[in-house]
Every structure is written in C-alpha cells, then in structure tokens.
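Structural features, examined
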Amino acid sequence: MQERYEPATIEAEAQKYWEERGCFAATEDRSREKYYCLSMFPYPSGRCHMGHVRNYTIGDVLARFMRMQGRNVLQPMGWDAFGLPAENAAIANGMPPAKWTDDNIATMRRQLKSLGLAIDWRREIATCRPDYYRWNQWLFLRMLERGIAYRKTGVVNWDPVDRTVLANEQVIDGRGWRTGALVEKREIPMYYLAITRYAEPLLEALAQLPGWPERVRTMQANWIGRSEGVNVGFPYEIGETRGVLRVFTTRADTLMGVTFCAVAAEHPLAALAAKDDPALAAFVAECQRGPAIEAELATQEKKGMPTGFSVRHPLSGEAIPVWVGNYVLMSYGEGAVMGVPAHDERDFEFAKKYGLPIRRVIDVDGRPYSTQAWESWYADHGRCVDSGRYDGMPTAAAVAAIAADLARAGLGELRTIWRLRDWGISRQRYWGCPIPIIQCADCGPVPVPDSDLPVLLPEELVPDGSGNPLAKHEAFLACRCPRCGAPARRETDTMDTFVDSSWYFLRYACNDTAASMVDARVDYWLPVDQYIGGIEHAILHLLYSRFWTRVMHDLGLVSFQEPFTNLFTQGMVLNEVFYRKPASGRIEYFNPTDVEIRIDPDDKRRIATLRSDGGEVISGGVVTMSKSKNNGVDPQALVEEYGADTARLFTMFAAPPEQTLEWSDEGVQGAYRFLKRVWKAVYDHVDAGPVAPLERASLEETQRAIRRLSHHTLAKVGDDIGRRRTFNTAIAAVMELMNALGRFEPRGAQDRAVLHEGLEIAVLCLSPIVPHLAHALWRELGHDTAIVDERWPAVDAAALEQSTVEIVVQVNGKLRGRVAVPSGADADAVRAAALADPAVRRFVGDGAIRKVVVVPGKLVNVVV
RNA sequence: GCCCCGGUGGCGAAAUCGGUAGACGCAACGGACUUAAAAUCCGUUGACCGCAAGGUCGUGCCGGUUCGAGUCCGGCCCGGGGCACCA
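Residues numbered from 1 in each chain as written. Chains lettered and ligands numbered in written order. Predicted model: local features only at pLDDT ≥ 70, side-chain atom pairs only at ≥ 80, totals over all residues. Heavy atoms only, no water.

Moving on: the overall build of chain A. Tallying secondary structure elements over chain A gives 27 helices and 37 strands in all. Dimensions along the principal axes, computed over C-alpha positions, put chain A at roughly 105 × 85 × 70 Å. Within chain A, the fraction of its 864 residues that count as buried is 52%. Counting every atom, chain A has about 38,800 Å² of accessible surface; 50% of that belongs to carbon and sulfur. Here chain A holds 100 positive side-chain charges and 111 negative ones, and the gap between their average locations is 2 Å. (Helix = DSSP H or I, 4+ residues; strand = E, 2+ residues; numbered from the N terminus. Buried < 20%, exposed > 50% of the residue type's maximum accessible area, 1.4 Å probe, protein only. Areas by Shrake-Rupley, 256 points an atom, 1.4 Å probe, with all protein chains shown as cover. Lys, Arg positive; Asp, Glu negative; His and termini not counted. Charge placed at Lys NZ, Arg CZ, Asp CG, Glu CD.)

Here's what the structure looks like:
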C-alpha cells in the first residue's frame, strides 16, 4: 500500500472504475424499491460555484447511502439552459447564447464529473434542446384548449432608450441598467397560466407533505394566501353614472368604523376622477410610474389624493370620501380597500397624514383607546362598540351578522379570496422556449398545430440589447395562419424559464423518447423520493412544479399529484463582499481571494486591502455568493489542490446543511488533514500484516470499549445521514472514532482484529461522503469487492452493552456530582446512590430535601 | 413594509424528546521531531475569582413558565432568504 495519500491518483482510479462498470446506470426494476434522488439542476452560468458543490454533494451522499440500504437509486443531472445571463453574455462578447450555453455546459459537466457524483449521465437533459422544449409547447397548447392558459394584458418594465422590456433585475433604482433611462411601466398582451384555479388543492395538499420542511410549507401557504372575508359594496352616483365600489375585507366587524375608501391608481374610479382633475391625473400617473416590485411598493411612503367622489356606506348610508392610494394593489382583491383608521395600522397612518376621522368601533378587554398614537393591539379582535345593533358582538358573530345584512341589501356576501396571482409566462426575450402562437391579422392569435411542433428557436442570433432579435428575424417571423392560410407573423415572446424547470424531473425518467412528453417509466421513478435544493426556491419554483404536475395529472399524463415526496432545502453559501465605489461610475467588486485582511493594532479596526494595488477596499458584509458581487470561490481550484473528497468533506462538515454556510479558507486544510490521518491509520494497520478473525465472546474491557465506540459510531452515522440529515455531526462522530482508534495501541491479535473492525466501520461510514478515498481504502483493507456495492452494515447490539452508566447529580438544578450505577438500576437505587455522593451531601447540608427528580439513565436533581 | 429562518467561545459549530452548555474542527499559544522550514505528533485554550481544592457567571436583549430553559411562551434588537421578469 502506498504510504502517501494522493487524491489525484485515487480519485481518477475510482472514477474510472465507476465509469467502466456503469455503476450508476439506473434501470427500472419492479422487484426492487426505487429511490429517486434529485438535486435541482444548475443554470449553466459558466463554472460551478460552491452552492453547486454543496447541493450536489448532499444529493450524492444520500444517493450513495440509500444505495447501501439496498435501494434502486436514480440520480440524474441536467441543465436549466435558457435564461437571461446567456443574452447578457451575448451582448457583452457578441457570441450567440446557444454557443455560450453549450460551452458552459461542457465546462460544468467536466467540473461536476470531477466531484465523483453517482450520476446516471445517460439521462442528461438540457432545456434549450428542441426535444425537450417542444413538450413545453405541447403542454401549453393543451392548457390553452382547457382555458388554463389564456391571454390578457400585463405590466412590464420598459426602457424607452433601448426600446426593450427589462427584467426586474435589470432595473436599478428605477433606471435601465444599460441606458440609465428612467424606466416606464407598459401594458402589453401576455399569456398567463391559471394557477389560481389550483389554489385550493395546492394549499390543502401541503398538509399531505410531511416530508417537506415546515417552514417551506408555511411560506407556500402564506404565498397562496387564503383569506376568508366579506365583499362589501359601497353604492355611488357620480353624475349620470350609478355603480357600486367593491372592496374586500377580512374585518367586516369594523365596517361601522369606515371613514374613507381608497382605490388603486389603475382603478376605473381613479381614471374617471382624473379625467377632469389635472392634479389627480398627475398623481395617478406618478403612481403608475412607481415601482412594480412589491417590496419597493410596500416600503415607499404612503401617499393619497382625494377623488372628490363619495360613496354611500352600505349600512349607515353615510357619505364616504374616495381616495386614490399608492399602497392599494390593483392585483389583490378588488383593487380597492375600505379605510378603518381606528383598527388598521396602514389606514391609521393614512388618516393621520390627511386629517381623516378615526372612529373606534372595537373594544379589546376594555383597554383605553387613544387616537394619538397607534398601538398594535388596536388591530386585535374584540367586541363591537358604537356600532348600533352589532354592539357587544365578538368578531365572528359580527362578521356573520354584517354579511347577512349586506346580502339582504344586495351589497355584499361572504367570500374567499387568494393572494396567489396567475402566472404570467410571456417574456420579451430571445433565449427561451418560443410560445407556439401565430398572430394573424384576421384570426388573431392562433395556436400552432401539434403537427408543426416544435416551433424551433433559431440558435445563431446575437442580441444587442435593443430588444428581442426574434422580432427582426424574418425567417422566424414569416409563416401562414394555420386557420385561414393567409400570411401571418409568429409570436416572438418566449416562455418564462420557470416553465422549463417545472417538469424536467419527469423527463429524466424517459429522456430518450421522441413520441411523447413522458411515458410509463415516469410511474416507476416518480414521485421524487428526495429533492434537494436551495431555500431560495422555497416558493416559486416549487409551487410552479406542483401546479404543473397537477395539470399533467388532470390530463392523464401522470398518476400522481405531488412531484416531490421529501424536500431538503440547503442553506445558501455566503462569502464576504468587497468593493470600491468611485466618485463617478459603477461600483467595482473584488474577489475575496484578491483581498488581504489585517487588524489595525491601534484601533482594532479590520482593514481590507487589494493585493494588486495595496489600496483599501470596503467590506459590504457577508452575502450570498454571486457573480454580480464577485464573491464566489472557485471549487475547481479546491479540487485541483486538495481533491474532490476534501471539497466534499469540507462542505459537509463546515455547517449543518440546512443553514447558511459562511465560506472560510481555513477548515479546508482541516478536512484534508483528517483524510490524510484516515489514510495513515489504514496504512499503519495494513503494514503490520494479516489480521486474525475477531473473537467477540472473549474480549477484554479495552477491546470491548473500542467495539462499543465503533458500533455506536455506526449507529449514529446511519441515523445522522438517514434520518436527521446532519452530515456535519456524522463526520464529527467518525472523527471521534478515528481519534480513539489512533490512541489505541494494538498489542495482540485480538487488539488488531478490533482495530480492523473499527477501521472498516469508519471507511464504510465515510464512503457516501468521500467515496474515492473509501474506494481505495476498502481494497487495502483486504476486500476484492468495491465498497460502492457494499451494504450498510448492521449494528451489533451486543457490542453496545455497558455494565455501568454515569448519572449526573444536580442540587437545585446545578451540577454537583456524578455517580456510577449499574445500567438498568431502578429509580430508588439511583436516588440512593445520588444522595450518598459526598459532594451532593455537602451541598444538601442539613436542609430538608423537598423533592428528588430521577431521570432514568441520565440525571438526578435534588431540590432542597 | 409583509412572510419565513437564524443569533451559543477568538472562529465554524455540538447539545436529536425540557435534563452535564461548548462534542468535532479551525485559529492561537506552549512543547517534541528537524541544521532549518514545512509536514507530523503531544499539550493548553468560555469569562471571572482562587496557590489549590473549588466557586461564581455565561447560549443577542428584557420578562415569564418549570425541580431544571440554548431548547417552551410573550415582547424587542440584529443578520440571512423570499416578495411573482435573476435562476
């Protein structure tokens, strides 16, 4: 056996072994229990980053572990290959997005392969290939037939200089990223998918997903946002026009406290009022220019302006002024709200600002109410006061009574509304899946017939930033109307890339079929047994995938409704970000590897300087690794210097996988050192010659102690990987075992036998995490078989047995002593032993013992 | 602003069901080996008091429940993720 640990050699050998034997080729086998282990596929951005390493190592550890449990494991990989960065790269270097994407896929495939992942590469897919995206188009047409896909207008960011639609990411402080022009909002026709039709089942089914993290289910439930409330009508007569202003409220019990109504800038009443009021028209225009992003909308200053119109209170008949408010969302509810300043914080703020009356109508436990300043309990539930016949009613009763009265007057009814909005999938971009529609002057938008699919995306175009190049590409545009045969134009919008990622996990099961979107193999492999990906996908991607799967289920294409049985959300990988901001011009970011940190001896201040010029740079804190912040760490350098096993071990050990991982260069060294120690331990053991069979029945106590620890570690690692998914503690346990084996100096044959067993257990435990090292060491330990085909060993329960256990003794909850008692001793014996302990007696003193709490096998607490 | 998550030594973290706070690792310091360095190995390391035995304090802050709270409850502060066209 080679004395030195040389990762480059053993990793190449192990990977060659797996590759030549097709170890990870997965085939359908009804006689075996399948395990579909899926990591979110990467966007081929150029090179792998540490987030990928973390994601795919977690998946690989589970895939390899489940394989050792005897499961028929499928672990596939593919590319989320359409998207904006490819177009940005094209603008920057004049290369077609297809070429850039293909190059990136080749690079990243090579990088992923160097990590030694147990992937069935025969099943690889890329969403930019026609044999994949044609099925996006095909299913879109099925949705169109059923009205699940439909056309309506939507709002986009418009750069007036480049005459192009911008993504939210391309809007910086309200200006276009390239031109700096003030971005405008524009209404254009788009295609939507009616995910709201599935709001209820998507919400209800969350309860049937026990394998999902609670926090993700909570986030999705909040996102879908079911609200039970009352739709209230405020009738009005404005000039000749008679109508009813409709608002939705979950707090109909506060209806008697309404002192104003507010409508969104896009609301018809706002438009009507603005017609004859230039100041209001200007305000409406200002609101419409304002931010399109909810986060910005919610943090902007709340502003309003009166329309001059009044509506009638549906119960009291009182005149209620109508305002336009920049905080009212047209997309939620009715695009109008009733203002109850006394019991809604936002309305309170608005009323204070504009001098509107505040009328208190809810009493909470008789607490004194003041209109001076808002208190959070003002919004609590209570009983109606100053509300006429509703006085004294608690919330539920008041809501029911008011809803009934409104219904009688024809001005309201109980209603359920959802926060969830339909999914707009049209993108005015080139590098995406073409929407299979033809625009005919006479027939309007006409679906492309199935026989003409796929609508191929031309791959040689180079966008220049001035809009979608498809719109200037005659060969793509020119076509005939499938309905009337007249010359027509092809739709140039492409689909949101979330469409691509909403069903890719199905295609892995049958990526070789050209005849259909999916086939029967899907029902063997799916649903995914374990899905692993970043927490940043907790809502959108996962909800869209759940929706898409349900649509496919309802079309009879798949037999299941939920695609992912178990979900694991890994934390983000963070790193410090360094930058300089020149007096004029764009912020420049510097990679942390180019920055040196030292501590100023005088004021203990951290000083960061750029290695290249010695000048100071500013630290922007610790944030997600990203290209735009230039704070990524290149895993390839790590693999080249230390090997894939060190990279894998470090990312699994440095933090629990669900939490954020803060990058540090130190610690990689530690991981490497540990692997060298494991290698050395096996080397020393093998070097000492052959090993006699273990004689379990006649071992000495020191030998039994080693066996106890070995099997305890085996049990713990199995539990940590298989149930808890805490790979960091599994590794720590193996480290402890290795430390103990290292201290153990074998003197006789049985010492060596016990050590041999311990080393085998350590190598088996590590094999899902550092498979190359384990592959090599397993052979050195005398096996002809490959460790990748080994089963996870059973724990020897007899080895775990212990004659005595240590019991901790507390006095008044403070640790005061320890006593050893026979394992299995009853409570009275433990209590007696604890009270007899000298240290305990000293602390108990002469005081009377009030109580003794005995926790069997653990602890005694004496209360005096 | 809203929704979700987190905060424990110099640092990453552990404590799985309310029961020994700091396992494991990094860094630092001391020592061994070496002509020297690297590598490796051994030891020390939460704070404070004490010669020591030992004691007191300590899990972001304030309060509560409990024999016992890092863990449960209420209120706050700070950090991260998401907010629908980044993926």
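After that view, the rundown keeps rolling.
Lining the immediate surroundings of RNA strand B are 68 residues, of which R429, A654, K716, R723 and N861 lie closest. Taking R421, its main chain carries an N or O atom lying 2.9 Å from a base nitrogen of RNA strand B. Contact distances for RNA strand B include 2.5 Å between a base oxygen and a side-chain N or O atom of N861. Along the lines of polarity and charge, the residues of the surface near RNA strand B split into 27 nonpolar, 18 polar and 23 charged. (Near = heavy atom within 4 Å. Polar contact = N/O pair within 3.5 Å; in protein donor to acceptor, adjacent residues only side chain to side chain. Nonpolar A, V, L, I, M, F, W, Y, C, P; charged D, E, K, R; others polar.)

Across chain A, the average pLDDT comes to 92, with 98% of residues at or above 70. Scoring of the predicted complex yields 0.94 for pTM and 0.96 for ipTM. (pLDDT = per-residue confidence, 0-100.)

This paragraph deals with the nonpolar core. Formed by 172 residues in total, the largest nonpolar core has its most connected members in F140, Y504, L506, L526 and W548. Counting residues per element, this core draws most heavily on helix α2 (residues 50-68), at 10 residues. Discounting residues that sit within four places of it in the chain, F140 has contacts with A149, Y191, L193, I425, I435, P436, I437 and M495. In terms of nonpolar packing, the next biggest core, distinct from the first, is built from 49 residues, F309, Y390, I402 and L411 among them. (Core = buried A, V, L, I, M, F, W, Y, C linked by side-chain atoms within 4.5 Å. Contact = heavy atoms within 4.5 Å.)

With that settled, the discussion passes to the sheet that holds strand β2 (residues 72-74). Read from one edge of the open sheet, 4 strands run β2-β1-β26-β27, paired in parallel fashion. Unpaired on one side and paired on the other, β2 and β27 (567-570) mark the two borders of the sheet. In this sheet, neighbouring strand axes are inclined to one another by 15 degrees on average, regardless of whether the strands run parallel or antiparallel. Pairing of strand β26 (residues 530-534) with β27 involves 4 bridges; the strand directions are parallel. Paired with G534 across the two strands is Q570, which belongs to β27. Its contacts with the sheet place α2 against β1 (34-39), β2, β26 and β27, and it is angled at close to 175 degrees to β1. (Pairing = 2+ DSSP bridges. Axes fitted to C-alpha atoms, helices over the stretch in contact; angles between N-to-C directions.)

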